[in-house]
Amino acid sequence: MELRHLRYFIAVAEEGHITRAAERLGMQQPPLSQRIKAIERELDVQLFRRKARGVDLTDAGRAFLDNARAMLAHFDHAFETTRRTARGEQGRISVGVTPTSPFHPFVPRVIRAFREAYPLVFLRLEERLGNELIELLRNERIDVAFIRTPVADSEGLVVNPLLEEPMLVALPSGHALARSSGGSEAALSLKRLAGETFIVYGPPGTAFYDVTMAACRAAGFSPRVGQETPRMTSSLNLVAVGLGISLVPASLRQMHMDGVVYCRLKGSIQPKAILNLASRRGDPSAVVRHFLNLVEEQRRKNSRPDPHMARKRPANHADQCPQLRVDRTRRGRRPWAVYGPISDSLSSETDHAMPNIRLIWRQ
């Protein structure tokens, strides 16, 4: 018995008439009658009672109808699930994140957009340090990873840079540098931190430890490390109680903690916190491909300048200062620079066009 034979049986049961069922199925009546009889022989039961004007289900036929519908519904669901999985619309994906990654709005925005676009995909987050996430990725225990740590051996992996953000210095709120710098909007040079005790997130070989060491050495000193912490939040807690200072990504500034102030760094040495997305090269999963594509789309949006932050240029100076008038009668040439007030030596033409303004014309 084949699945289509179950559909034949259901059509006859629902129509109560073999001829009408044949029309519904788009086939001739004799082959349909023969197939129903073949099903009855195979089951060794009578499914229908034949009448002059149709057929009725027997008790056995009603029991078989319920099971036939359930079996077809199960197979239809299995077929559709398989198709959705092949299209990447259903399935599972495991996303690795470092403890600091979700603080940048890019990461939660990507996760949110993916869940909205693919609601049937189960997404699981795995939080580990960057080097641990790379190991899980190689062992196929996760599918992609947002990492801060550079990957020394990228064989078999694809590491795409997403963004970089400046590092800030987190100080105890009562620190002398915090008081002298004038608040969170002030900036400090790295050299002024040479005598401080540093709280460093992660062991040597992790992103922020290495960035902190490299930046301090570039500024001409080797930092005195007070403690290494397993979490960035642990570093900030130690800063808050006055045990040291710490370099942190700018995105952590949104994490308001009592006893901690953040200051920008000034000077030529500007350490950066980099965010990358790592995945396995040639991963056949359609779900993973969708995730990678969505991340790339969001990265491009993130790299565009914010239209609300851009300064709008007026169409011309007259739009900004109504008293200014530009003389365009001089063969269509545009003024190269505007100065004021003018001297007495201006030509009458320019003096008439733009009183109290000197124009230097482009040649």
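Residues numbered from 1 in each chain as written. Predicted model: local features only at pLDDT ≥ 70, side-chain atom pairs only at ≥ 80, totals over all residues. Heavy atoms only, no water.

(A) Focus on the pairing of strand 6 (residues 157-172). By the bridge criterion, nine bridges tie strand 6 to strand 12 (residues 272-280) in an arrangement that is antiparallel. Each residue of the ladder has a partner; that of V159, found in strand 12, is A278. Where strand 6 and strand 10 (residues 246-249) come together, four bridges link them in antiparallel fashion. Looking at the pairing, M167 lines up with P249 of strand 10. Alignment of strand 6 against strand 11 (residues 260-266), held across four bridges, turns out to be antiparallel. (Pairing = 2+ DSSP bridges. Helix = DSSP H or I, 4+ residues; strand = E, 2+ residues; numbered from the N terminus.)

(B) The arrangement of the environment of A194 in detail. Residue position: A194 is located in the loop between strand 7 (187-189) and strand 8 (197-201). As a C-alpha pair, A194 and F221 span 27 residues in sequence and 6.1 Å in three-dimensional space.

(C) Up close: the pattern of salt bridges. Applying the stated rule across the entire model yields 19 salt bridges. Ionic pairing is found between E165 and R148, a salt bridge with its closest N-O pair at 3.0 Å. Of this pair, E165 sits in strand 6 while R148 sits in the loop between strand 5 (144-147) and strand 6, and the two are 17 residues apart along the sequence. With respect to burial, E165 and R148 carry one shared label: buried. The network of salt bridges with shared partners includes E14, E15, R20, R24 and R69. (Salt bridge = Lys/Arg side-chain N within 4 Å of Asp/Glu carboxyl O. Buried < 20%, exposed > 50% of the residue type's maximum accessible area, 1.4 Å probe, protein only.)

(D) A look at the nonpolar core. If you look at the biggest cluster of nonpolar residues, it comprises 36 residues, and the most contacted ones within it are V169, L171, L193, F198, L236 and V248. Residue assignment for this core shows that the elements contributing at least two residues are strand 6, helix 7 (176-180), strand 8, helix 8 (207-218), helix 9 (232-240), strand 10 and strand 11. Setting aside residues up to four positions removed in sequence, L193 forms contacts with V169, L177, L188, F198, F221, I245 and L265. (Core = buried A, V, L, I, M, F, W, Y, C linked by side-chain atoms within 4.5 Å. Contact = heavy atoms within 4.5 Å.)

(E) Spotlight on unusual backbone geometry. Not every positive phi belongs to a glycine, and D44 is a case in point at roughly 60°. With respect to the element layout, D44 can be found in the loop between helix 3 (29-43) and strand 1 (48-51). Phi angles above zero are rare outside glycine, and E140 is one such case at about 60°. By the element assignment, E140 lies in the loop between helix 6 (130-138) and strand 5.

(F) Molecular detail of the packing of aromatic side chains. Under the counting rule described, the total for this entry stands at eight aromatic pairs. Measuring from centroid to centroid gives 5.2 Å for F114 and F291, while their planes differ by 70°, and the two rings are edge-to-face. Here F291 lies in helix 10 (residues 286-303) and F114 lies in helix 5 (residues 106-117), a separation of 177 residues in the sequence. Looking at F114, the relative accessible area reads 0%, which means it is buried. Aromatic pair F146 and F291: ring centres 6.2 Å apart, planes at 70°, arrangement edge-to-face. (Phe/Tyr/Trp six-rings, centres within 6.5 Å; stacked < 30°, edge-to-face > 60°.)

(G) Structural context of the environment of M167. Position of M167 relative to the elements: it lies in strand 6. When sequence neighbours within four positions are dropped, the list of residues in contact with M167 reads F208, V211, L247, V248, P249, L265, P271, K272 and A273.

(H) Spotlight on the side chain of S101. Along the chain, S101 falls in the loop between strand 3 (91-97) and helix 5. Exposure remark for S101: the relative accessible area of 0% places this residue in the buried category. Polar contacts involving the side chain of S101 include one to the side chain of T98, which spans 2.5 Å. Excluding residues that lie within four positions of it along the chain, S101 makes contacts with V107, F146, R148 and L275. (Polar contact = N/O pair within 3.5 Å; in protein donor to acceptor, adjacent residues only side chain to side chain.)

(I) Highlighting the packing of helix 1 (residues 3-15) against helix 4 (residues 59-86). Where helix 1 contacts helix 4, the two axes come as close as 10 Å, and the packing angle between them is 130°. Taken together, the axes of helix 1 and helix 4 are oblique relative to one another. For the element pair helix 1 and helix 4, the recorded crossing hand is left-handed. Residues L3, L6, R7, F9, I10, A13 and E14 of helix 1 form the contact with helix 4, whose own contacting residues are G61, F64, L65, A68, R69, M71, L72, F75, D76 and F79. Tallied by class, residues from the contact of helix 1 with helix 4 come to twelve nonpolar, one polar and four charged. (Axes fitted to C-alpha atoms, helices over the stretch in contact; angles between N-to-C directions. Parallel < 35°, antiparallel > 145°, perpendicular 65-115°, else oblique. Left-handed = near helix turned anticlockwise from the far one by under 90°. Nonpolar A, V, L, I, M, F, W, Y, C, P; charged D, E, K, R; others polar.)

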